[in-house]
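Here is what each chain is made of, one letter per residue.
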Amino acid sequence: MKTTLDIQDALLDRARRYAKEVRRPLRAIVEDGLRRVLSEPPASHGYRLVDASVGDPDGTDPLEALSWHDLREEIYGEPTIR
C-alpha cells in the first residue's frame, strides 16, 4: 500500500544513508522501524505528581473563609490597598 509521510529532512537523510549502508530499500527500513515500535509495550502513562499534601484531608480548609484580599495578604504577606 502506498502512503505519504511528512518526515523531518534530517531524519529522512539519516534513514537514506542507513538504508544505503545496509543495502536495503528505504521502504524496508521504515517498515522495520514501525514493526519495532508497534511490538513494544505502550509507554507508561504520564507523570504522576507525588502527593505532598499537608494537614488533615478530612478537616476543614482554613483558607475557605477568607476573602480574596485576605488570601492575597496570606500569600504575599502584604496588605492590599483598598
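These figures come from a predicted structure and were not determined experimentally.

1. Here's the deal with the overall build of the protein
- The helix and strand tally for the protein stands at 3 helices and 0 strands.
- A compact globule built from 82 residues would reach a C-alpha radius of gyration of about 12 Å, whereas the protein, at 28 Å, exceeds it by more than 25%.
- Projecting the C-alpha coordinates of the protein onto the three principal axes gives extents of approximately 75 × 35 × 25 Å.
- Of all 82 residues assigned to the protein, the portion counted as buried reaches 7%.
- Distance between charge centres in the protein, computed from 13 positive and 16 negative side chains, equals 24 Å.

2. Brief notes about helix H1 (residues 9-22)
- An ideal rise of 1.5 Å per residue puts 20 Å on 14 residues; H1 measures up with 20 Å between its terminal C-alpha atoms.
- Of all the residues in H1, the buried ones are Leu12, Ala15 and Ala19. All buried residues of H1 fall inside an arc of 60° around its axis, so they share one side. The outward face of H1, more than 90 degrees from its buried face, is lined by the exposed residues Asp9, Ala10, Arg14, Arg17, Lys20 and Glu21.
- Buried residues in H1 make contact with helix H2 (26-39).

3. Points about the pattern of salt bridges
- Evaluation of the coordinates by the stated rule reveals 4 salt bridges.
- Note that arginine 27 and glutamate 31 form a salt bridge whose closest N and O atoms lie 3.4 Å from each other. One end of the pair is arginine 27 and the other is glutamate 31, both in helix H2 and 4 residues apart, which spans about a single turn.
- Classification of arginine 27 as exposed rests on a relative accessible area of 54%.

4. Here we look at unusual backbone geometry
- Even without being glycine, arginine 23 reaches a positive phi, approximately 55°.
- With respect to the helices and strands, arginine 23 occurs in the loop between H1 and H2.

Rules used in this analysis
Residues numbered from 1 in each chain as written. Predicted model: local features only at pLDDT ≥ 70, side-chain atom pairs only at ≥ 80, totals over all residues. Heavy atoms only, no water. Helix = DSSP H or I, 4+ residues; strand = E, 2+ residues; numbered from the N terminus. Rg over C-alpha atoms; globule rule 2.2 N^0.38 Å. Buried < 20%, exposed > 50% of the residue type's maximum accessible area, 1.4 Å probe, protein only. Lys, Arg positive; Asp, Glu negative; His and termini not counted. Charge placed at Lys NZ, Arg CZ, Asp CG, Glu CD. Expected span 1.5 Å × (residues − 1). Arc of directions from axis to C-beta. Contact = heavy atoms within 4.5 Å. Salt bridge = Lys/Arg side-chain N within 4 Å of Asp/Glu carboxyl O.

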